[in-house]
Amino acid sequence: MNATRFNRRLFLAVPLAVMACGFQPAYGPGGPAQGIQSSIRVADPSDKNAFDLVERLEERLGRPKADRFDLTYTIKTTAVGVGITPDNAITRYNLNGTIDWALTNRTTNARVTGGQVKSFTSYSATGSTVAGLAAQEDAARRLMRILADQITARLLATSGTWNQ
């Protein structure tokens, strides 16, 4: 009986503690990210990786309607062999990715935030050539989605300082 009562108290205490610390939903009324949805124009893609990145950013931030900000980026990827057979054949690759990005206010042309995000995915090189290429393309797409989500998280986290 006491354990149940304790669990209920804890369950009720956590939301109260979060509200007391000043937590506010990012997209909520008066939230720091209110108004950035559909206001960021991401630079046009120039290759498949950039296309996948822009697609995911627009999924998360909305397609631009009122272009208040421009987001530019530079993508770097490298494939590193990590699984090697005794015959020196590579069977697995890590695809490392880095994106340098910047958000600029269109009115003032001033950089308001930016940074660098990094991550990696892996894929298998075993099987046919077609299967290997499909695995490589899938890994690149997953990597761009991961990096786009990191950029979105940073935009939301910092929006209180630049979204006035």
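Refer to the structure above for everything that follows.
Here the structure is a predicted model, which is why all the values come from computation and not from measurement.

Chemist: What is the right way to look at the nonpolar core in this model?
Modeler: Nonpolar side chains in soluble globular proteins tend to be buried together. One finds Leu71, Tyr73, Ile99, Trp101, Ile151 and Leu155 to be the most contacted residues of the largest nonpolar core, which totals 27 residues. The biggest single contributor to this core is helix 3 (residues 129–162), with 10 residues. Not counting residues up to four positions away in its chain, the partners in contact with Leu71 are Ile40, Arg41, Val42, Ala43, Leu57, Trp101, Ala102, Leu103, Ile151 and Leu155.

Chemist: Mind showing me how you'd approach the pairing of strand 3 (residues 90–105) here?
Modeler: Each regular strand displays side chains that alternate between the two surfaces of the sheet. Here strand 2 (residues 69–84) runs beside strand 3; their pairing, made up of 15 bridges, is antiparallel. Looking at strand 3, one finds that Thr74 is bridged to Asp100. Taking the residues between adjacent antiparallel strands as the criterion, strand 2 and strand 3 are bridged by 5 residues, where Asn88 takes a positive phi near 65°. Across 13 bridges, strand 3 lies against strand 4 (residues 111–124) in antiparallel orientation. Across the sheet, Thr104 pairs through a bridge with Arg111, a residue of strand 4. Where strand 3 folds back on strand 4, the antiparallel hairpin that results is connected by 5 residues, among which Asn109 adopts a positive phi of roughly 60°.

Chemist: I'm lost on helix 2 (residues 48–61) in this one. Help?
Modeler: Note that an α-helix has 3.6 residues per turn; residues three or four places apart therefore point the same way. An ideal rise of 1.5 Å per residue puts 20 Å on 14 residues; helix 2 measures up with 20 Å between its terminal C-alpha atoms. For helix 2, the set of buried residues is Asn49, Ala50, Asp52, Leu53, Val54, Arg56, Leu57, Glu58 and Leu61. Where the residues of helix 2 are buried, they touch strand 1 (40–42), strand 2, strand 3 and helix 3. Looking one or two residues past helix 2, Gly62 carries a phi angle of roughly 90°, positive in sign.

Chemist: Could you clarify how one ought to interpret the side chain of Thr104 in this entry?
Modeler: Topologically, Thr104 is positioned in strand 3. Using a relative accessible area of 15% as the deciding quantity, one classes Thr104 as buried. Setting aside chain neighbours within four positions, we find Thr104 in contact with Arg68, Phe69, Asp70, Asn109, Ala110, Arg111 and Val112.

Chemist: It is not clear to me how the side chain of Arg56 should be interpreted in this structure. Could you clarify?
Modeler: Assignment of secondary structure puts Arg56 in helix 2. When residues no more than four places from it in sequence are discounted, the contact partners of Arg56 are Arg145, Ala148 and Asp149.

Chemist: Explain the pairing of strand 2 here, please?
Modeler: Looking at chain direction, strand 1 and strand 2 are connected through 3 bridges and run parallel. Counted as the bridge partner of Ile40 is Phe69 from strand 2.

Chemist: I'm lost on the pattern of salt bridges in this one. Help?
Modeler: One pass over the full model with this rule turns up 13 salt bridges. Between Arg141 and Glu55 there is a salt bridge, with its nearest N and O atoms 2.9 Å apart. Of this pair, Arg141 sits in helix 3 while Glu55 sits in helix 2, and the two are 86 residues apart along the sequence. The class of Glu55 is partly exposed, set by a relative accessible area of 28%.

Chemist: I would appreciate a short explanation of the packing of aromatic side chains in the present structure.
Modeler: Two aromatic rings are characterised by how far apart their centres lie and by the angle between their planes. According to the stated counting rule, one finds 1 aromatic pair in the structure shown. Measuring from centroid to centroid gives 5.3 Å for Tyr93 and Tyr123, while their planes differ by 15°, and the two rings are stacked. On the criterion of sequence distance, the pair formed by Tyr93 in strand 3 and Tyr123 in strand 4 is long-range, its members being 30 residues apart. By relative accessible area, which is 7% here, Tyr123 ends up buried.

Criteria and thresholds
Residues numbered from 1 in each chain as written. Predicted model: local features only at pLDDT ≥ 70, side-chain atom pairs only at ≥ 80, totals over all residues. Heavy atoms only, no water. Core = buried A, V, L, I, M, F, W, Y, C linked by side-chain atoms within 4.5 Å. Buried < 20%, exposed > 50% of the residue type's maximum accessible area, 1.4 Å probe, protein only. Helix = DSSP H or I, 4+ residues; strand = E, 2+ residues; numbered from the N terminus. Contact = heavy atoms within 4.5 Å. Pairing = 2+ DSSP bridges. Expected span 1.5 Å × (residues − 1). Salt bridge = Lys/Arg side-chain N within 4 Å of Asp/Glu carboxyl O. Phe/Tyr/Trp six-rings, centres within 6.5 Å; stacked < 30°, edge-to-face > 60°.

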